[in-house]
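# Inside the fold
So the chains spell out like this:
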Amino acid sequence: MSAQMRVGQQRTTWLIFIGLCLFTFINLTPLIWAVLTSLKDPRDAFTIPPTIIFEPTLKYHIQVWTENDFVFYLMNSLIISAGTVFISVPAGSLAAYALSRIPRRSAGPILSALFTIRMFPHMLLAIPFFVMGTFLNMIDTYPLLILALVAINQPFTIWLMHGFFLEIPRDLDEAAAIDGCSNWQAFRIVILPLARPGMTVAALFSLLLSYNEFLFALVLTGTDTKTLPVAIASFGGEDISSWSLSAAGAVGIMLPIVLVMLILQRHLVRGLTAGAVKG
Amino acid sequence: MVRWQHGLWLFFLPSFGLLAVVLLWPLGYAVYLSFFDYYLGSGERTFVGLANYIDLLTEARLWNSMWTTIIIAFGSVALEFLVGFALALALYRLNGSAKVFSVLLFLPHIVTPVVAALFLKWMLASNWGFIDATLLTFNIEPADWLGSPVWAKVSVILADAWVFTPLVMMVLYAALQGLDTSLLEAAQIDGASSWNTLRHVIIPALIPAIIFVISIRLMDVFRFFDLIYVLTGGGPGTATETITMYTYQLGFRMLEVGKASALGVITLIVVAILLLTINRGLNKAYRGGDR
Amino acid sequence: MAPLTIQQATKSFGEVQVLHGIDISIDDGEFVVLVGPSGCGKSTLLRLIAGLEDISTGSILIDGRDISRSHPKDRDIAMVFQSYALYPHMTVAENMGFSLRMRGATMDEQHRKVHEAAGILDLEPLLDRYPRQLSGGQRQRVAMGRAIVRDPKVFLFDEPLSNLDAKLRVQMRAEIRSLHKSLETTIVYVTHDQIEAMTMADKIVVMRGGYVEQIGSPMAVYDAPANVFVAGFIGSPAMNLLKGRIGSDRQSFDLDAGGVLQFDSVLNARPHQPVILGVRPEYVKISDGGSAAVVKLIEPTGADLHVMLDIAGTKLTAVYHERLTLEEGQEVRLAIPTDHVHLFDPENETRIVGN
């Protein structure tokens, strides 16, 4: 490669770098704007031109978590998410392990079926859940929403865990069988300790999915079990005067997710291709 | 399954039992409900056969929502693909510093969709939203981003793109990283320009990933709910009412659960047709790759 | 320590039959090597013995007991995997003691047996390490240690040396051999490497395409290959296999491609009979009289001299242990001793009896 070409390539790289910086900044404007709004007093929030430099205040961040029921909603969100993870991940892991160990010609159709199920419109599932929930008097209870979230989460968990189990060599199962393990013992003693990182990733993704879920939470919860997304959606709606407050709430909801995302970074693509986080 | 593995069948029990109870049974129940005129408010239901389907398929609102869904689907997926692919190529080119960018660019996707929608709402809100406030500073009269039928559609497409472009970007970036670099080096040695390398080496190699991500996105648009619900609620009027929004209105606002179920089944059929078409395209692309 | 008998074993994966009526009987304490090109079914056969695959028809007996349908753990076998299959989250000692632990042995017994086996294999300093902290050769040794601890009736080895470098492979070959001498346990060993098979086995089973081609001691198989495939597969460089007809005096051989080979005594076949004539490279001797040939290529390997010869267009490989002064292009005369000539029927490629 000639020196001239190398210089040309370096210039392109720099252009791309600067372009990406610009794009990233513009792309993050809504987020930055929300964070700024959450730190503003109303007199700074409603100005033309928009205020960039102001005296930040944490007043609304404190207010939203103390004077409103947000702590209660957070608890609801956590209970429901944790419940979903504790049912979905163990059950999904067992099935995924078995799927990764049976012949591919049997596993293939099951995996395709699960993938298809994942594509079902959630609305079609929300209606019967709502009707049955009404009959059984279970609307606005934890178990109903947890079961609904397990339903949409299970195919995803199985897909994700299946990928992790495939990476654990089958030789280990065979060695364990020869060493005297039943299938259950081989799973518990040999495979499970090796699958723990994968299960952590699956658990975090499931947690994220449940924490972010909106449709089922909207139609299946009421005053007793309302989750954070439902609360912020109704809260941050129309009333302009509470912008700073709702921005503080929204930013607060976002923070743990950013944390989880930083942990999951390495596995993001995997989670995404096993099934989108949202939906 | 080999004899010593027979115990594995038991491993399926918890998961498949759960799926049967919380997924298959409700779905079956929904199909059953779709044959009833069922207003949940009164609890009265009468069997009407296919009447719900016939009603729906002959009314303008369904076709309107179908059309809206298609516009939003193709508009946003096209935008997401173009921007996402460009970003993926840029990240691939940068290599070293790509990690920081990929995390930052990914943020909009990982944030709770409702929260993301609120962020965008605060951008787009009339007068005091960031965009309007900025435009007004320069005395430019802003459009009614969420209030006019055309702009509302555009806003929804942009919102969808804001949230889902990172997904497209990440999937394609991962696929790029999986490319055999010797292919690219060979192209370089052969004296191919960057454009030719992209067209004749990179894109053909990425076809499976491209089809995968486009199909996932297209199908997701049919479930697309959170963003529109928060941004426009389907309005103004029914300008941004997708099939999903319409089903929600029918089922949970008007409590016509029979008709709503029928609409859900129709959506499922549309998605299934889409899925089959894409699958066929996928297979063709794979076979094309074999040649 | 027990005899192993395989009777009419077949294996099909769906429509595809990968093993056809395999009959092998292995004596108590014998070291048997299954050898063949990849896809010949040798690994499948080993996995049938281990119980990792289900036998389709036929039966496998260990010590007279039919174990063809037993769980792997009830067959009293131990297996060394190609990948070693050590449990990554267990120490060497835990790996080796795992089968005892699963059988409910006391801690004392586990400890004692693990140390015993570690002593045999010089593993004692490594007992507290994890597999990832070991070199390839050490892992290999641990895998064997795990098998020894079981004190099984039969050891199964699935290409255990293929992940080692050439030098270590030679060393481990000798070690496994001497281990067998001291343990005197029946061993079934799978490899695609015919040198491994020759050097280690008491008995070689040559397989191809799901069939057993020949069973015998390494030298018996080498000296009297049952068919063209075995003749070409065992031995390196490979046996020369030439197509042609016996001459009318039975002392010459007319190559199909032209040219004649002369012999000093009669060949064991009818005049004009079409045959495939096999001769190992080390028996293609240069002499004063005999068949004419041209030296095409000389490859000195250090110890030996590999020479590619040409007889009227037919290639012939020769190996010489002495340092001949040959030149490429030089004309030579060849003498091939008749008692080292193998004749095969060109129709079914089997050895012509009485040869």
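The name an unreviewed UniProt entry gives chain C is Sugar ABC transporter ATP-binding protein, with Marivita lacus as the organism. Listed in UniProt under the heading Sequence similarities (unreviewed entry), the comment for chain C reads: "Belongs to the ABC transporter superfamily."

The name an unreviewed UniProt entry assigns to chain B is Sugar ABC transporter permease, from the organism Marivita lacus. Taken directly from UniProt, the Subcellular location (unreviewed entry) text for chain B runs: "Cell membrane". In its Sequence similarities (unreviewed entry) section, the UniProt record describing chain B reads: "Belongs to the binding-protein-dependent transport system permease family."

Once that is clear, we can look at the overall build of chain C. Within chain C, the secondary structure is distributed over eight helices and 20 strands. When its C-alpha atoms are laid out on the principal axes, chain C stretches across 75 × 45 × 35 Å. Within chain C, the fraction of its 355 residues that count as buried is 51%. Surface summary for chain C: the accessible area is close to 15500 Å², and the carbon and sulfur share equals 49%.

All names here are of chain B. Its place among the elements puts F164 in helix α7 (residues 149–177). Take F164: its relative accessible area is 8%, and that puts it in the buried class. Expressed as a C-alpha distance, the spacing of F164 and T68, which sit 96 residues apart in the sequence, is 19 Å.

All names here are of chain C. Inspection of the entire model under this criterion finds 20 salt bridges over all chains. The residue E30 makes a salt bridge to K203 at a minimum N-O spacing of 3.3 Å. Of the two residues, E30 is situated in the loop between β2 (16–26) and β3 (31–35) and K203 in strand β9 (residues 203–208); the sequence distance between them amounts to 173 residues. Per residue, the accessibility class of E30 equals that of K203, and both read buried.

Taken residue by residue, the interface counts eight residues in chain C and four residues in chain B. Summing both sides of the interface, chain C and chain B together bury roughly 530 Å²; the carbon and sulfur share of this comes to 49%. Looking at the side of chain C facing chain B, the largest losses of area belong to L52, D54 and R69 of chain C, adding up to 67% of the total buried there. D54 of chain C is paired through a salt bridge with R3 of chain B; the nearest N and O atoms lie 3.3 Å apart. For the pair chain C and chain B, the number of links is two residue pairs in polar contact (both at pLDDT 80 or more). Looking at the side of chain C that touches chain B residue by residue, the class counts come to two nonpolar, three polar and three charged.

Residues and elements named next belong to chain C. The strand order across the open sheet built from four strands is β2-β1-β4-β5, with neighbouring strands paired in antiparallel fashion. What marks the edges here is a single partner per strand, and that holds for β2 and β5 (65–66). One ladder, built from seven bridges, connects strand β1 (residues 4–13) with β2; its direction is antiparallel. Among the inter-strand pairings, A9 is bridged to a residue of β2, identified as I22. Relative to the sheet, helix α1 (residues 42–50) contacts β1, β2 and β4 (57–62), its axis offset from that of β1 by approximately 115 degrees.

Residues and elements named next belong to chain C. The antiparallel open sheet is built from five strands, whose spatial order is β13-β12-β11-β14-β20. The open sheet terminates on both sides in strands that have one partner only, identified here as β13 (260–262) and β20 (341–344). Sheet twist, expressed as the average angle between the axes of neighbouring strands with direction ignored, equals 40 degrees.

Looking now at a nonpolar patch on the surface. Residue and element names in this part refer to chain B. On the surface, L79, V150, W151, V154 and L158 cluster together into a nonpolar patch covering about 430 Å² of accessible area. When residues in the nonpolar patch are grouped by element, the largest group, four residues, is from α7. Here W151 shows up in helix α7.

Quick notes on the rules
- Residues numbered from 1 in each chain as written.
- Chains lettered and ligands numbered in written order.
- Predicted model: local features only at pLDDT ≥ 70, side-chain atom pairs only at ≥ 80, totals over all residues.
- Heavy atoms only, no water.
- UniProt positions renumbered as here; feature names shortened; annotations may be inferred.
- Helix = DSSP H or I, 4+ residues; strand = E, 2+ residues; numbered from the N terminus.
- Buried < 20%, exposed > 50% of the residue type's maximum accessible area, 1.4 Å probe, protein only.
- Areas by Shrake-Rupley, 256 points an atom, 1.4 Å probe, with all protein chains shown as cover.
- Salt bridge = Lys/Arg side-chain N within 4 Å of Asp/Glu carboxyl O.
- Contact = heavy atoms within 4.5 Å.
- Buried area = accessible area lost by both parts, 1.4 Å probe.
- Polar contact = N/O pair within 3.5 Å; in protein donor to acceptor, adjacent residues only side chain to side chain.
- Nonpolar A, V, L, I, M, F, W, Y, C, P; charged D, E, K, R; others polar.
- Pairing = 2+ DSSP bridges.
- Axes fitted to C-alpha atoms, helices over the stretch in contact; angles between N-to-C directions.
- Patch = residues over 30% accessible without salt bridge, like charges linked within 9 Å, V, L, I, M, F, W, Y side chains within 5 Å.

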